[in-house]
Amino acid sequence: MHMLILITLSAIASVSIYLLDKSVFLHNNTFLYSILGHSYETQHFYLLAYLSYFSAFSPLPLFLLGLGKGLRPLYAAGLLATALLGFAIVLFNGLNSYLLYSTMSFFVFSVFGIFILVNRALLHYKTASGEVIWYSSSSLLRDF
């Protein structure tokens, strides 16, 4: 049960951070337009400019989960995060081409890269005496 909560929270955090800089929530938003009035376009531009840096941190919860708990919870959280992103886009924008583009780009750049990086980071072997030898971190950079 504890692992399921960690998987769900990391998937939700990753998708939430990714969606902060996307205009999914702000595109054609009549609620924001009624509050901001004619300055909506200017406020919308500045808000997106400030939030555009957050999507670089969207893989962080998945990365921390993978390094802390292993590969299987990471795989589950990555697939759940991709499904949650697709659901959020359908909920706020409906079915359109943006759904496929955004979901696939999130999976390739935020999830699949973390799968490979965590897999390579967790590689180790045991010697005959039982000592654990980790592969060097330079091999991570070499593989990418």
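Structure: above.
Definitions and cut-offs
Residues numbered from 1 in each chain as written. Predicted model: local features only at pLDDT ≥ 70, side-chain atom pairs only at ≥ 80, totals over all residues. Heavy atoms only, no water. Phe/Tyr/Trp six-rings, centres within 6.5 Å; stacked < 30°, edge-to-face > 60°. Helix = DSSP H or I, 4+ residues; strand = E, 2+ residues; numbered from the N terminus. Buried < 20%, exposed > 50% of the residue type's maximum accessible area, 1.4 Å probe, protein only. Core = buried A, V, L, I, M, F, W, Y, C linked by side-chain atoms within 4.5 Å. Axes fitted to C-alpha atoms, helices over the stretch in contact; angles between N-to-C directions. Parallel < 35°, antiparallel > 145°, perpendicular 65-115°, else oblique. Left-handed = near helix turned anticlockwise from the far one by under 90°. Contact = heavy atoms within 4.5 Å. Nonpolar A, V, L, I, M, F, W, Y, C, P; charged D, E, K, R; others polar.

K.L.:
I'd like to hear about the packing of aromatic side chains, residue by residue, with values.
P.N.:
The tally for this structure, following the rule as stated, stands at 3 aromatic pairs. Residues Tyr-75 and Phe-115 carry aromatic rings whose centres are separated by 4.9 Å and whose planes lie at 80° to one another, so their mutual orientation is edge-to-face. With a gap of 40 residues between them, Tyr-75 in helix 5 (residues 71–93) and Phe-115 in helix 6 (residues 97–121) connect regions that are remote in the sequence. What makes Phe-115 buried here is its relative accessible area of 11%. Measuring from centroid to centroid gives 6.4 Å for Phe-107 and Phe-112, while their planes differ by 35°, and the two rings are tilted.

K.L.:
Describe in detail the nonpolar core, supporting the description with residues and values.
P.N.:
Nonpolar side chains in soluble globular proteins generally cluster together in the buried interior. Core analysis: the biggest nonpolar cluster contains 19 residues, and Val-15, Leu-19, Leu-62, Leu-74, Leu-85 and Phe-106 have the highest contact counts within it. Put simply, the parts of the chain that give this core at least two residues each are helix 1 (2–20), helix 4 (60–69), helix 5 and helix 6.

K.L.:
Go over the packing of helix 4 against helix 5, please, and point to the residues and values.
P.N.:
Relative to each other, helix 4 and helix 5 sit at 160°, their axes nearing to 8 Å. Regarding the angle of helix 4 to helix 5, the classification is roughly antiparallel. For helix 4 against helix 5, the interelement crossing comes out right-handed. For the pair helix 4 and helix 5, contact is made by Leu-62, Leu-65, Gly-66 and Lys-69 and by Pro-73, Leu-74, Ala-77 and Gly-78, respectively. Tallied by class, the residues present in the contact of helix 4 with helix 5 amount to 5 nonpolar, 2 polar and 1 charged.

These values are about where atoms sit, not about what they do.
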